Amino acid sequence: MSGTLFIVSAASGTGKTTLVKALLENCPNLKVSISNTTRPKRDGELDGVHYHFTPKEQFVSMIGAGEFLEHAEVFGNYYGTARQMVEDSLKQDTDVILEIDWQGAQQVRQSYPNAVSIFIMPPSRDALRQRLQNRGQDSSDVINRRLAGAIDDMSHFVEFDFVVINDDFDTALEELIAIVKASRLRQKIQVIRHAERIGDLLSSSS
């Protein structure tokens, strides 16, 4: 496989989804894995675009068959990353981004220890609280619980290869692009992509 698997994680309210969307627009040959979920489809959501909406019985069967790189149950609904889709893309020299939490990242590393992992953090706790409040969807109690959960999530940044602070959006995006470009130049990747060229360069024949 010559494609690179990227794991992007962040606490809620950090701006991960917006950054990843901009990253896709600036980096060719890069795609986001679409997760499976058992939760009901919401208004405006499309199967195969936002999620692969999967009946619970089928999802559980897929777990038993080892068809997920990672999966979790959240508030009674299952979410997971299908192994086959990721492997097929990587074999076709396409880089894949997984937008998952730190727990999912731990699961993925068991199958892909060479995956490039990135953790996105807010510039401050106050900034994170403000972003959560700006959503205008939650009560103060819910925001406090989300903030507490975010702090716990952020404590796992040490498990990741790279950390990006999303203070200035353009700067954070430039840093993400730099990580992708540098990761594509790793020796292990270049040896696969340019095997014939490297072989010719190192050949003893004149």
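Residues numbered from 1 in each chain as written. Predicted model: local features only at pLDDT ≥ 70, side-chain atom pairs only at ≥ 80, totals over all residues. Heavy atoms only, no water.

A closer look at the packing of aromatic side chains
Then, in step 1: Counted under the stated rule, the structure contains five aromatic pairs.
Then, in step 2: Ring plane angle 25° and centroid distance 4.4 Å describe the contact between phenylalanine 59 and phenylalanine 68, whose orientation is recorded as stacked. For the pair shown, phenylalanine 59 and phenylalanine 68 are each scored as buried.
Then, in step 3: For the pair phenylalanine 59 and tyrosine 78, a centre-to-centre distance of 5.3 Å together with 20° between the ring planes defines the contact as stacked. Residue phenylalanine 59 is found in helix α2 (residues 56-64), and its partner tyrosine 78 is found in strand β6 (residues 77-82); the two are separated by 19 residues along the sequence.
Then, in step 4: For tyrosine 78, a relative accessible area of 16% gives the class buried.
Then, in step 5: In this arrangement the basic side chain of arginine 109 is found over the ring face of phenylalanine 160, its NZ or CZ atom lying 4.9 Å from the centre. (Phe/Tyr/Trp six-rings, centres within 6.5 Å; stacked < 30°, edge-to-face > 60°. Buried < 20%, exposed > 50% of the residue type's maximum accessible area, 1.4 Å probe, protein only. Helix = DSSP H or I, 4+ residues; strand = E, 2+ residues; numbered from the N terminus. Lys NZ or Arg CZ within 6 Å of the ring centre and 35° of its normal.)

Some points on the packing of helix α5 (residues 125-134) against helix α6 (residues 140-154)
Then, in step 1: For the pair α5 and α6, interaxial distance at closest approach is 10 Å and the crossing angle is 135°. If you check the angle between α5 and α6, you find them oblique. Considering only the axes of α5 and α6, their crossing is right-handed. In this structure, α5 uses Arg125, Leu128, Arg129, Leu132 and Gln133 to contact α6, whose residues at the interface are Ile143, Asn144, Arg146, Leu147, Ala150, Ile151 and Met154.
Then, in step 2: Of the residues in the contact of α5 with α6, the class split is seven nonpolar, two polar and three charged. (Axes fitted to C-alpha atoms, helices over the stretch in contact; angles between N-to-C directions. Parallel < 35°, antiparallel > 145°, perpendicular 65-115°, else oblique. Left-handed = near helix turned anticlockwise from the far one by under 90°. Contact = heavy atoms within 4.5 Å. Nonpolar A, V, L, I, M, F, W, Y, C, P; charged D, E, K, R; others polar.)

As for the packing of helix α1 (residues 16-26) against helix α7 (residues 169-183)
Then, in step 1: Where α1 meets α7, the axes come as close as 10 Å, and the angle between the chain directions of the two elements is 55°. As judged from the angle between their axes, α1 and α7 are oblique. Read as a crossing pair, α1 and α7 show a hand that is right-handed. Two secondary-structure elements touch here, α1 through Thr18, Leu19, Ala22, Leu23 and Asn26 and α7 through Phe169, Ala172, Leu173, Leu176, Ile177 and Val180.
Then, in step 2: Residue composition of the contact of α1 with α7, by class: nine nonpolar, two polar and no charged.

Structural notes on helix α3 (residues 83-91)
Then, in step 1: For α3, the full list of buried residues reads Val86, Glu87, Ser89 and Leu90. All buried residues of α3 project into a common sector of 165° when viewed along the axis, lining one side.
Then, in step 2: Here the buried face of α3 lies against β1 (5-10), β2 (30-32), β5 (68-74), β6 and β7 (95-99).
Then, in step 3: Phi for aspartate 93, located one or two positions after α3, is positive at around 65°. (Arc of directions from axis to C-beta.)

So, the pattern of salt bridges
Then, in step 1: Throughout the structure, instances matching the rule amount to five salt bridges.
Then, in step 2: The partner of lysine 16 in a salt bridge is glutamate 99, with the nearest N and O atoms 3.2 Å apart. In this pair, lysine 16 is assigned in helix α1 and glutamate 99 in strand β7, connecting sequence segments 83 residues apart.
Then, in step 3: The closest approach of N and O atoms between glutamate 45 and arginine 39, which form a salt bridge, is 2.7 Å. Here glutamate 45 and arginine 39 have matching classes, each one buried.
Then, in step 4: It is possible to trace a salt-bridge network through shared partners that takes in Asp93, Asp95, Arg184 and Arg193. (Salt bridge = Lys/Arg side-chain N within 4 Å of Asp/Glu carboxyl O.)

Some details on the sheet that holds strand β4 (residues 52-53)
Then, in step 1: Spatial strand order, β4-β3-β6-β5: four strands in an open sheet with mixed pairing. In this open sheet, the two edge strands, each paired with only one partner strand, are β4 and β5.
Then, in step 2: For strand β3 (residues 36-37) and β4, the ladder comprises two bridges, and the chain directions are parallel. Pairing of threonine 37 across the sheet is with phenylalanine 53, part of β4.
Then, in step 3: Strands β3, β5 and β6 of the sheet are contacted by α2, whose axis makes an angle of about 50° with β6. (Pairing = 2+ DSSP bridges.)

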